[in-house]
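# Residue-level structure breakdown
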Amino acid sequence: MTDPIADFLTRVRNAVKANHKVVEAPASKIKKEITKILYEQGYILAYKFDTDEKGHPTIKIALKWNAETKTNAIKNLKRVSRPGLRRYSSVADMPRVLNGLGIAIVSTSKGIMTDAQARRENVGGEILCYVY
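Residues numbered from 1 in each chain as written. Predicted model: local features only at pLDDT ≥ 70, side-chain atom pairs only at ≥ 80, totals over all residues. Heavy atoms only, no water.

Right, let's talk about helix α1 (residues 4-17) for a bit. Between its terminal C-alpha atoms α1 stretches 20 Å, which fits the 20 Å expected from 14 residues at 1.5 Å a residue. Within the span of α1, buried status applies to Ile 5, Phe 8, Leu 9, Val 12, Ala 15 and Val 16. On an axial view of α1, the arc spanned by its buried residues comes to 125°, and they lie on one face. Directly beyond the C-terminal end of α1, a positive phi value near 60° is found at Asn 19. (Helix = DSSP H or I, 4+ residues; strand = E, 2+ residues; numbered from the N terminus. Expected span 1.5 Å × (residues − 1). Buried < 20%, exposed > 50% of the residue type's maximum accessible area, 1.4 Å probe, protein only. Arc of directions from axis to C-beta.)

Here it is as structure tokens:
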């Protein structure tokens, strides 16, 4: 697999479109940090880091649904930087997703954080994905 982050985002995106309640994906440090950010920003209901029957680490994510309108909290997940074309941004050029309604997840020298946190910390980095 050449892009495990894109695979993770695609699994979540497909689960949202298929109206699943829970999605399971292989775990890594970057995927765990992305999952924590999605939880802190209110895009997912809960998450659990576990191991499968072979001993490989996995992430189980409970997706957040609005029962009244039957819509998901995640409208779109878009991978920005990819192995074939890396996208970097300075703090001055940090993108605003949907004029601040969405988030950009950025990998910086101080860890993985949202675009707003990167502006507060005054650091730039690689833009991993957009969530809205």
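Once that is clear, we can look at the side chain of Thr 114. With respect to the helices and strands, the residue Thr 114 is situated in strand β9 (residues 111-114). Leaving out residues up to four positions away in the same chain, Thr 114 has contacts with Ile 37, Gln 41, Ile 103 and Ala 104. (Contact = heavy atoms within 4.5 Å.)

Counted under the stated rule, the structure contains six salt bridges. In this structure, the salt-bridge partner of Asp 7 is Arg 11, at a minimum N-O distance of 3.1 Å. Highlighted residues: Asp 7 and Arg 11, both in helix α1, separated by four residues, approximately one helical turn. The salt bridge involving Lys 36 is made with Glu 33; its shortest N-O contact spans 3.8 Å. Separated by three residues within a single helix, Lys 36 and Glu 33 lie in helix α2 (residues 29-40), roughly one turn from each other. Take Lys 36: its relative accessible area is 29%, and that puts it in the partly exposed class. Judged by its relative accessible area of 31%, Glu 33 falls in the partly exposed class. (Salt bridge = Lys/Arg side-chain N within 4 Å of Asp/Glu carboxyl O.)

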